[in-house]
Amino acid sequence: MGALNLAEWQKLPISLSELCINTTLRCGQSFRWRKNDAGVWSMALHNRILSLHQDPQYLYYRSIPPSARQTPPTPPSSHPPSISEPTDDDTLELLHHYLNLAPNLTDLYQQWSASDANFAKKAPKFTGVRILKQDAWEALVGFICSSNNNIARISQMVHKLCINYGPLLGHLDDEPYHDFPPPHALAQDGVEAKLRSLGFGYRAKYLYRTACMISSKPDNWLETLRNPESPTLGVEPTSGSDWAPEGRPGYRAAHTALLTLQGVGPKVADCVCLMGLGWGEAVPVDTHVWQIAQRDYKFGKGKHASLTKATYDAVGNRFRALWGREAGWAHSVLFTADLRAFSERLVAKVEKVEEGVVIGVKMEGGDEGEQDVVKVEEVVERGIKREAEEEGESKVLEVEEKVVRKTKRRRKA
DNA sequence: ATGCAACCTATCTA
DNA sequence: ATAGATAGGTTGC
């Protein structure tokens, strides 16, 4: 962890409340970031390899530009003489855009907390969750892969797409980094069979057919569906004349257009709207969000007993009415809180341990009461397995196992 | 308009 | 140890 020479990195002052890459880059938005043992996140992006590291004061960044590679794709003479190589300012601009740094996340969290007690309760453990501005095509492909799937396998599948169909940009830590393949690369004969052999399952056909459909449209078709408001500043009142719980007309139009693609249903369409097209009000209702809607927002009964198309829209409208124009951002915070990969943050905090006896246990992130004691106990167990794989903090593990035994006795007492 | 089985696969769960 | 459920769903009947 400590063998990083950060002196050679560019840095940007930013607080963990405004951006937490450790949460944002692995909460199921983007599937290509990889973290090494030194805590450096890397990904091929826009013809370069980008690396990130964060501490409480700064976001550190650096990129391996095309010029550092063996064979530049374009001769230097084709560039204007003043800008012969990508500069670090260029990278900063790219970062600012990709990480979507314009909106003030702290203000937004405050707004959502003021209008929703449940958000106020859950959010403090999951600050700095920011919606990335990803490429729309990449988001589309990634979320077509996401159906009936888990984040680990989705990431693996996207990686295979890049390896097999994306241009090689270079190496880092002896590993190849490929850029994301363009639509025409996936619209070739034989792609479906190849993807099946690579383990994509029934999504192989969806990807091939959607790639063909996108390739047959004008090049900028996806871009025409984008939110034209360049940076979405979220601090203005959300009850403007153009605002409705259904969302803005441009968002509805984009959503409808995306539904015509193979393998794209309402949930995937909303993921692309939110993370690829800049529509902050898009609320993807997946299995997690549906659970949340039932548990914390009184859905799941009467008219909205099951997740039909009508219920899907009702859930989105409810959250948009509650959280406002950046409802999709707030949704992602609660979604992240529900992910198993982050369940360790809901673990009860051990105040003191003496001779194997738990003296005090403080619950965080849940209601009081018998029901939740059982819930937390389950979360603790999953948290242990998770940590054992990733961090290997043996002392913490021992303590938490004792917590498990302690709380287990209270099961259904 | 709602309900339902089928769809690929790796991992978790009981 | 092993069948069943689940993981950021969509499709077609």
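Conventions adopted
Residues numbered from 1 in each chain as written. Chains lettered and ligands numbered in written order. Predicted model: local features only at pLDDT ≥ 70, side-chain atom pairs only at ≥ 80, totals over all residues. Heavy atoms only, no water. UniProt positions renumbered as here; feature names shortened; annotations may be inferred. Phe/Tyr/Trp six-rings, centres within 6.5 Å; stacked < 30°, edge-to-face > 60°. Helix = DSSP H or I, 4+ residues; strand = E, 2+ residues; numbered from the N terminus. Buried < 20%, exposed > 50% of the residue type's maximum accessible area, 1.4 Å probe, protein only. Lys NZ or Arg CZ within 6 Å of the ring centre and 35° of its normal. Pairing = 2+ DSSP bridges. Near = heavy atom within 4 Å. Polar contact = N/O pair within 3.5 Å; in protein donor to acceptor, adjacent residues only side chain to side chain. Nonpolar A, V, L, I, M, F, W, Y, C, P; charged D, E, K, R; others polar. Contact = heavy atoms within 4.5 Å. Expected span 1.5 Å × (residues − 1). Core = buried A, V, L, I, M, F, W, Y, C linked by side-chain atoms within 4.5 Å. Axes fitted to C-alpha atoms, helices over the stretch in contact; angles between N-to-C directions. Parallel < 35°, antiparallel > 145°, perpendicular 65-115°, else oblique. Left-handed = near helix turned anticlockwise from the far one by under 90°.

In the nomenclature of an unreviewed UniProt entry, chain A corresponds to DNA-(apurinic or apyrimidinic site) lyase from the organism Oleoguttula mirabilis. For chain A, the Catalytic activity (unreviewed entry) comment in UniProt is given as "2'-deoxyribonucleotide-(2'-deoxyribose 5'-phosphate)-2'-deoxyribonucleotide-DNA = a 3'-end 2'-deoxyribonucleotide-(2,3-dehydro-2,3-deoxyribose 5'-phosphate)-DNA + a 5'-end 5'-phospho-2'-deoxyribonucleoside-DNA + H(+)". One UniProt comment on chain A, placed under Sequence similarities (unreviewed entry), says "Belongs to the type-1 OGG1 family."

Caption draft 1: Structural detail: the packing of aromatic side chains. Scanning all chains against the criterion turns up eleven aromatic pairs. Between Tyr109 and Trp112 the ring centres are 5.8 Å apart and the planes differ by 50°, which places this aromatic pair in the tilted class. One end of the pair, Tyr109, and the other, Trp112, are both in helix α3 (residues 105–115), three residues apart, so they sit about a helical turn from each other. Accessibility assignment for this pair places Tyr109 and Trp112 in one class, buried. Between Tyr297 and Trp323, the ring centres sit 6.2 Å apart and the planes meet at 85°, which makes this aromatic pair edge-to-face. Taken together, the residues span a long stretch of sequence, with Tyr297 in the loop between α11 (287–296) and α12 (309–323) and Trp323 in helix α12 at a distance of 26 residues. Following the ring pairs from residue to residue traces out a cluster consisting of Tyr109, Trp112 and Phe119. Residue placement shows Lys11 over the ring face of Tyr58; its charged tip is 4.2 Å from the ring centre. The positively charged end of Lys217 is found above the aromatic ring belonging to Trp221, 4.4 Å away from the centroid.

Caption draft 2: Expanded view of the pairing of strand β7 (residues 175–178). Judged from the four bridges that link them, strand β6 (residues 168–172) and β7 form a sheet pairing that is antiparallel. In the strand pairing of β7, Leu172 is matched with Glu175. Remark: two residues form the turn of the hairpin made by β6 and β7, two consecutive strands paired antiparallel; Asp173 in that turn has positive phi of roughly 55°.

Caption draft 3: Local environment of the protein's contact with DNA strand B. What surrounds DNA strand B is a group of 13 residues, the closest being Arg153, Arg196, Arg203, Thr308 and Arg340. Across the atoms of DNA strand B situated within 4 Å of the protein, the share located in sugar and phosphate is 66%. A distance of 2.7 Å separates a base oxygen of DNA strand B from a polar side-chain atom of Arg153. At 3.1 Å, a side-chain N or O of Arg340 approaches a sugar or linking oxygen of DNA strand B. A class-by-class count of the residues in the surface near DNA strand B yields two nonpolar, five polar and six charged.

Caption draft 4: Up close: the side chain of His331. Along the polypeptide, His331 turns up in helix α13 (residues 327–338). Classification of His331 by relative accessible area gives buried; the value is 5%. A distance of 3.1 Å separates the side chain of His331 from the backbone oxygen of Pro284, its partner in a polar contact. Every residue in contact with His331, bar those within four places of it in the chain, is listed here: Leu274, Val283, Pro284, Val289 and Trp323.

Caption draft 5: Examining the protein's contact with DNA strand C more closely. Residues in contact with DNA strand C amount to 28 residues; listed here are only the nearest, Gly28, Asn148, Gly265, Val268 and Asp286. In DNA strand C, atoms within 4 Å of the protein come from the sugar-phosphate backbone in 55% of cases. In this structure, Tyr202 approaches DNA strand C through a side-chain N or O atom, which is 3.2 Å from a base nitrogen. Contributing elements (two or more residues each) for the surface near DNA strand C: α10 (266–276), α11 and α13. Element by element, the count of residues in the surface near DNA strand C is highest for α10, at five residues.

Caption draft 6: View of α12. The terminal C-alpha atoms of α12, which comprises 15 residues, lie 21 Å apart, in line with the 21 Å expected from a rise of 1.5 Å per residue. Restricting attention to buried positions, one finds in α12 the residues Thr311, Tyr312, Ala314, Val315, Gly316, Phe319, Arg320, Leu322 and Trp323. The elements touched by buried residues of α12 are α3, α4 (117–122), α9 (249–258), α10, α11 and α13. Gly324 lies just past α12 and shows a positive phi near 90°.

Caption draft 7: Inspection of the nonpolar core at higher detail. Leu258 and Trp323 are the most contacted members of the largest nonpolar core, which totals 81 residues. If we ignore the near neighbours within four places in the chain, the residues touching Leu258 are Leu222, Leu225, Val264, Ala269, Val272, Cys273 and Leu277. Core analysis: the second largest hydrophobic core is formed by 19 residues, Leu25, Met43, Leu50 and Leu99 among them.

Caption draft 8: Representation of unusual backbone geometry in the model. The backbone of Asn100 shows a phi angle near 60°, a positive value even though the residue is not glycine. Inspection of the secondary structure puts Asn100 in the loop between α2 (88–98) and α3. Owing to a relative accessible area of 7%, Asn100 belongs among the buried residues under this scheme. The backbone phi angle of Asp174 is positive, close to 65°, even though this residue is not glycine. One can find Asp174 in the loop between β6 and β7. Here Asp174 falls in the exposed class, since its relative accessible area comes to 76%.

Caption draft 9: The packing of α11 against α12, seen in detail. It is the contact of α11 with α12, at a shortest axis distance of 11 Å, that shows an interaxial angle of 70°. Relative to α12, the element α11 lies roughly perpendicular. When you trace α11 past α12, the crossing you get is left-handed. Along the contact surface, α11 presents Val289, Trp290 and Ala293, while α12 presents Thr311, Val315 and Phe319. Class assignment of the residues belonging to the contact of α11 with α12 gives a composition of five nonpolar, one polar and no charged.

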